[in-house]
Amino acid sequence: MGLHGMSFSLIETLAIAAGGILSGKGLVRIFPLLRELCLPEPVLGGLLLCVLFSLSEMFGAQPLQFDLTLQTPLMIAFFLSIGWMASWKNLRAGGSDVIRFFLLCGLILVSQNLIGMAMAKALGQNPLVGALAGSVSLAGGPGTALAFAPAFEKAGVTGAGPIGTAAALAGIILGGVLGSPLAARLIARFHLRSGPAAHAKPVHAEESPIAAAGHPTMDATHLMNHLKFFFLVMALGAVVGQWIQARGITLPVYIGAMIVAALLRNWHDLGKGGADKIKLSHEWIEELGSIALSYFLVTATMTLQLKQLAGLATVLVAILVVQAIWIWFLGSWLVFRFFGKNYDAAVIGAGFAGFMLGTTANAMANLNAITKRYGPAPRAYLVVPLVGACGTDFVNAAVITALLAMFR
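Residues numbered from 1 in each chain as written. Predicted model: local features only at pLDDT ≥ 70, side-chain atom pairs only at ≥ 80, totals over all residues. Heavy atoms only, no water.

**A few points about the overall build of the protein**
Secondary structure assignment for the protein yields 17 helices and two strands. Taking the contacts inside the protein whose residues are at least 6 apart along the sequence as the reference set, 82% of them involve residues at least 24 apart. Total accessible area computed for the protein in this model is approximately 18400 Å², and 68% of it derives from carbon and sulfur atoms. (Helix = DSSP H or I, 4+ residues; strand = E, 2+ residues; numbered from the N terminus. Contact = heavy atoms within 4.5 Å. Areas by Shrake-Rupley, 256 points an atom, 1.4 Å probe, with all protein chains shown as cover.)

As structure tokens, then:
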């Protein structure tokens, strides 16, 4: 039997997804530019498969059918790990800079959606298309775009998955291309230098009992403990989600687990009520969440219908160009002045452009590129990861949910 109209079981689907992840790794290894832009390997591999499947359909083949039963649980597992990163103790240890940057980015999230929706409406499209090319895909990244795609489809946006993914990938490229030059321009223009304070020992967030537990040796017992933690939090999250929905509030399916994980993390940080006896590794939870995200991204990306993008290409390009100019302006003017017009402020601006257009990986790559050339920036390395890695995700989810509620 040929590939025409074939259906793949769950195991076969996961095997194809694994092949996609390996293909993405190969593309990054072959083309250094992809690595420099911090393009996600699962998305690259998923897009490669997506293009191959789409080409087969163009030549008369029937669409392939995949068993995507695990797609939603994988998405929930990833956002659970994001919720686990929301440690109030670490945010507080970062001082007022972290809180101020968090609030500033929250406001800018809203502005991204206002710009996108206004432009989409002016161009004769559903305003929610502009939201998909706003904070959903830019500050949120491909994971958030694909996670919210079903909700946007229900709200009337046909092809929300391909639209969000295309915008997210364009944002990742823009975040990688624009971030470092933004900081370099400010450093050259204002003759900024990495001062003596920057060469001092970097300030780190306060270590929690989880971090103190270290990264235990990989063995069956530790792995089983962390898997049980994931399953338990996902189950509790489902209960919380049902309780919220019963009160007429519509939220993404992963929000319940995200909330439960955040509450447990902060209870664990307190080390009271027996919390200190629970041995969990922050690194392991992050790693398991990363694995879940990889499989979620590749399965979601390889099943996209690219032909649904054809009629919106011009609209998306126009919106994304304006969004890039807006973030560049905010990073080089507002964020730079907000943090004191010094060297660290310029580096923070580069990180800001990285995660507000792309992902935290973009932000950290921008920071690494600048500090490697001009010197250390410990303040930037404290502020940017804490806000970019988890803080904006919570605000973004709330903002997107509110927008969807307005258009129900």
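**Focus: the packing of helix 15 (residues 343–357) against helix 16 (residues 360–374)**
Contact geometry for helix 15 and helix 16: axes closest at 6 Å, N-to-C directions at 150°. Judged on the interaxial angle alone, helix 16 and helix 15 are roughly antiparallel. Between helix 15 and helix 16 lies a crossing of right-handed hand. Along its contact with helix 15, which presents Tyr343, Val347, Ala350, Gly351, Gly354 and Phe355, the element helix 16 presents Thr360, Asn362, Ala363, Asn366, Leu367, Ile370, Thr371 and Tyr374. Class assignment of the residues belonging to the contact of helix 15 with helix 16 gives a composition of eight nonpolar, six polar and no charged. (Axes fitted to C-alpha atoms, helices over the stretch in contact; angles between N-to-C directions. Parallel < 35°, antiparallel > 145°, perpendicular 65-115°, else oblique. Left-handed = near helix turned anticlockwise from the far one by under 90°. Nonpolar A, V, L, I, M, F, W, Y, C, P; charged D, E, K, R; others polar.)

**Re helix 9 (residues 160–189)**
Working note: α-helix, 3.6 residues per turn, so residues spaced by three or four point in the same direction. The end-to-end C-alpha separation of helix 9 is 41 Å, in line with the 44 Å expected for 30 residues at 1.5 Å each. Taking the largest bend as the criterion, helix 9 deviates by roughly 25°, centred on Leu178, and proline Pro181 comes between one and four positions later. (Expected span 1.5 Å × (residues − 1). Bend = angle between axes of the 7 residues up to and from the residue.)

**Digging into the nonpolar core**
Judged by nonpolar contacts, the single largest core of 108 residues is most densely connected at Phe101, Phe152, Tyr254, Phe352 and Met356. If near-sequence neighbours (up to four positions away) are discounted, Met356 is found in contact with Cys105, Ile108, Leu109, Gln112, Leu138, Ala139 and Ile327. (Core = buried A, V, L, I, M, F, W, Y, C linked by side-chain atoms within 4.5 Å. Buried < 20%, exposed > 50% of the residue type's maximum accessible area, 1.4 Å probe, protein only.)

**With respect to the packing of aromatic side chains**
The description of two aromatic rings rests on the distance between their centres and on the angle between their planes. Going through the model one piece at a time under the given rule, you end up with 13 aromatic pairs. Between the aromatic rings of Phe352 and Phe355, the centroid separation amounts to 6.4 Å while the plane-to-plane angle is 75°, which identifies the pairing as edge-to-face. Taken as a pair, Phe352 and Phe355 lie in helix 15 at a separation of three residues, close to a single helical turn. A relative accessible area of 2% places Phe355 in the buried class. By way of ring pairs, the aromatic residues Phe101, Phe338, Phe339, Phe352 and Phe355 are connected into one cluster. Against the face of Phe338 rests Arg100, its NZ or CZ located 4.4 Å from the ring centre. The ring of Phe339 carries the charged tip of Arg100 above its face, separated from the ring centre by 5.7 Å. (Phe/Tyr/Trp six-rings, centres within 6.5 Å; stacked < 30°, edge-to-face > 60°. Lys NZ or Arg CZ within 6 Å of the ring centre and 35° of its normal.)

**Overview of the environment of Trp333**
With respect to the helices and strands, Trp333 occurs in helix 14 (residues 313–338). A sequence separation of 13 residues divides Trp333 from Ala346, and the C-alpha atoms of the two residues are 9.6 Å apart.

**As for unusual backbone geometry**
The phi dihedral of His191 falls on the positive side, at around 55°, and the residue is not glycine. Its location among the elements puts His191 in the loop between helix 9 and helix 10 (209–212).

**A closer look at a positive patch on the surface**
A cluster of like positive charges, contributed by Arg185, Arg189, Arg337 and Lys341, occupies part of the molecular surface. Relative to the helices and strands, Lys341 resides in the loop between helix 14 and helix 15. (Patch = residues over 30% accessible without salt bridge, like charges linked within 9 Å, V, L, I, M, F, W, Y side chains within 5 Å. Salt bridge = Lys/Arg side-chain N within 4 Å of Asp/Glu carboxyl O. Lys, Arg positive; Asp, Glu negative; His and termini not counted. Charge placed at Lys NZ, Arg CZ, Asp CG, Glu CD.)

**What about the side chain of Asp97?**
For Asp97, the position within the fold is in helix 6 (residues 96–122). Asp97 gets classed as buried once you look at its relative accessible area, which sits at 14%. Here Arg100 takes part through its side chain, which lies 3.1 Å from a polar atom of the side chain of Asp97. A distance of 2.7 Å separates polar atoms of two side chains, one belonging to Asp97 and the other to Arg379. Residues within four places of Asp97 in sequence aside, it is in contact with Phe339, Arg379 and Val383. (Polar contact = N/O pair within 3.5 Å; in protein donor to acceptor, adjacent residues only side chain to side chain.)

**A word on the pattern of salt bridges**
In the structure shown here, the tally under the stated rule is four salt bridges. One salt bridge in this structure joins Asp97 and Arg379, with 2.7 Å as the shortest N-O distance. You can see Asp97 sitting in helix 6 and its partner Arg379 sitting in helix 17 (residues 378–406), a full 282 residues away along the chain. Note that Arg265 is salt-bridged to Asp269, the shortest N-O span being 3.2 Å. With Arg265 and Asp269 both in helix 12 (residues 255–270), this residue pair falls four residues apart, about one helical turn. Taking the relative accessible area as the measure of exposure, Arg265 reaches 2% and is therefore buried. A relative accessible area of 3% places Asp269 in the buried class. Shared partners join several salt bridges into a network, and the residues in it are Asp97, Arg100 and Arg379.

**Side note on the environment of Leu47**
Inspection of the secondary structure puts Leu47 in helix 3 (residues 41–58). In this structure, the C-alpha to C-alpha distance between Leu47 and Met302, residues 255 residues apart in sequence, is 5.7 Å. If sequence neighbours within four positions are ignored, Leu47 has contacts with Leu169 and Thr301.

**A look at the confidence of the model for the protein**
Predicted confidence across the protein gives a mean pLDDT of 84, with 88% of residues reaching 70 or more. Mean pLDDT in the protein bottoms out at helix 10, which sits at 39, and peaks at helix 7 (residues 127–136), which reaches 96. In the model, residues 197–215 has pLDDT below 50 throughout and makes 32 contacts with residues more than four positions away in sequence or in other chains. (pLDDT = per-residue confidence, 0-100.)

**Side note on the side chain of Ser135**
Looking at the secondary structure, you find Ser135 in helix 7. A polar contact is formed between the side chain of Ser135 and the side chain of Asn396, at a distance of 2.7 Å. Ignoring sequence-local partners within four residues, the contact set of Ser135 consists of Leu109, Gln112, Asn113, Gly140, Asn396 and Ile400.

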